[in-house]
Amino acid sequence: MSDSKTTRRDVILYAALAASLGLLGTPAQAADDAKVKTAMQTLKDETAKLGPPKLDGEALYFGSTKINDNFAIVDDVKAKHGGTATLFAKKGNNFMRVSTNVQKDGARAVGTILDPSGPAYAALNQGNAFYGMVDILGKIFDTGYEPIKSDAGAVIGIYYVGYAME
């Protein structure tokens, strides 16, 4: 017998597989996809205004602006588009939330990592974007993840936006 979390994960994986095979696709889903992509574009545009990204140890910068514990951009994206937004910095083999409005136990989930067994992790490590349903800290979200790359093309972080489905 599986618990509810396993069942939810199975549903998410099935939905992601079905979507990738073109078995799903409704006007509502297309609207949700457009909403995620619009919020993602805002997140990328706002960080680009600050300058090129760089990683200094565990600190993520855009231009000379340190992003760690700076919530202005992620909160601006939420104010404009709803949902949630996060900027992750690469830390070893993981990606750590350094600026987020995703909540964990009633506080910003700063310092938590992207699930290394989740569907977005492998795509991002290869420098590819991931869009789809994901379990984030126990809640299902319609998400978009795109790699943040250094001038040399290395993945140094992640842009994320998402909308709770529950």
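See above for the structure.
Please read these numbers as outputs of a predicted model, since none were measured by experiment.

So, how was this worked out
Residues numbered from 1 in each chain as written. Predicted model: local features only at pLDDT ≥ 70, side-chain atom pairs only at ≥ 80, totals over all residues. Heavy atoms only, no water. Helix = DSSP H or I, 4+ residues; strand = E, 2+ residues; numbered from the N terminus. Buried < 20%, exposed > 50% of the residue type's maximum accessible area, 1.4 Å probe, protein only. Contact = heavy atoms within 4.5 Å. Pairing = 2+ DSSP bridges. Axes fitted to C-alpha atoms, helices over the stretch in contact; angles between N-to-C directions. Polar contact = N/O pair within 3.5 Å; in protein donor to acceptor, adjacent residues only side chain to side chain.

A. Molecular detail of the overall build of the protein chain. Summing up its helical and strand segments, the protein chain has 4 helices and 10 strands in all. Seen in sequence order, the protein chain has helices and strands lined up from the N terminus as α-α-β-β-β-α-β-β-β-β-α-β-β-β. Expressed as a percentage of the 166 residues in the protein chain, the buried residues total 41%. Pairs at least 24 apart in sequence give 51% of the contacts found in the protein chain among residues at least 6 apart.

B. Representation of the pairing of strand β4 (residues 84–91) in the model. Of all 8 residues in β4, 6 are buried; the element is thus mostly enclosed. Pairing of β4 with strand β10 (residues 155–164) involves 6 bridges; the strand directions are antiparallel. Across the sheet, the residue bridging to Phe 88 is Ile 158, located in β10. The pairing of β4 with strand β5 (residues 94–100) spans 6 bridges and is antiparallel. Looking at the pairing, Leu 87 lines up with Ser 99 of β5.

C. Geometry of unusual backbone geometry. Located in the positive-phi region is Asp 69, a residue other than glycine, with phi close to 60 degrees. Counting through the fold element by element, Asp 69 comes out in the loop between β3 (65–66) and α3 (72–81). Unusually for a residue other than glycine, Asp 105 sits at a positive phi of about 55 degrees. Looking at the element boundaries, Asp 105 is found in the loop between β6 (103–104) and β7 (107–108).

D. Structural view of the environment of Ala 154. In this fold, Ala 154 is placed in the loop between β9 (139–149) and β10. For Ala 154 and Gly 127, which are 27 residues apart along the polypeptide, the C-alpha to C-alpha distance reads 7.9 Å. Discounting residues that sit within four places of it in the chain, Ala 154 has contacts with Ile 148 and Lys 149.

E. Main features of the pairing of β5. In terms of burial, β5 is largely enclosed, as 6 of its 7 residues are buried. Two successive antiparallel strands, β4 and β5, enclose a turn made up of 2 residues, where Gly 92 displays a positive phi of approximately 65 degrees.

F. A look at the sheet that holds β9. Strands sit in the order β5-β4-β10-β9-β8 across an open sheet of 5 strands; the sheet is antiparallel. Taken across any chain shown, the strands that pair with only one partner, and hence form the sheet edges, are β5 and β8 (130–136). Across the sheet, the mean angle separating the axes of adjacent strands is 35 degrees when strand polarity is ignored. Across the sheet, α3 is in contact with β4, β5 and β10; its angle to β4 comes to roughly 150 degrees.

G. Focus on the side chain of Ser 99. Within the secondary structure layout, Ser 99 lies in strand β5. When its relative accessible area of 1% is taken as the criterion, Ser 99 is described as buried. Reaching out from Ser 99, the side chain makes a polar contact with the backbone oxygen of Asn 70 at a distance of 2.6 Å. Here Ser 99 is in contact with Ile 67, Asn 70, Phe 71, Val 74, Ala 85, Thr 86 and Leu 87, once residues within four sequence places are set aside.

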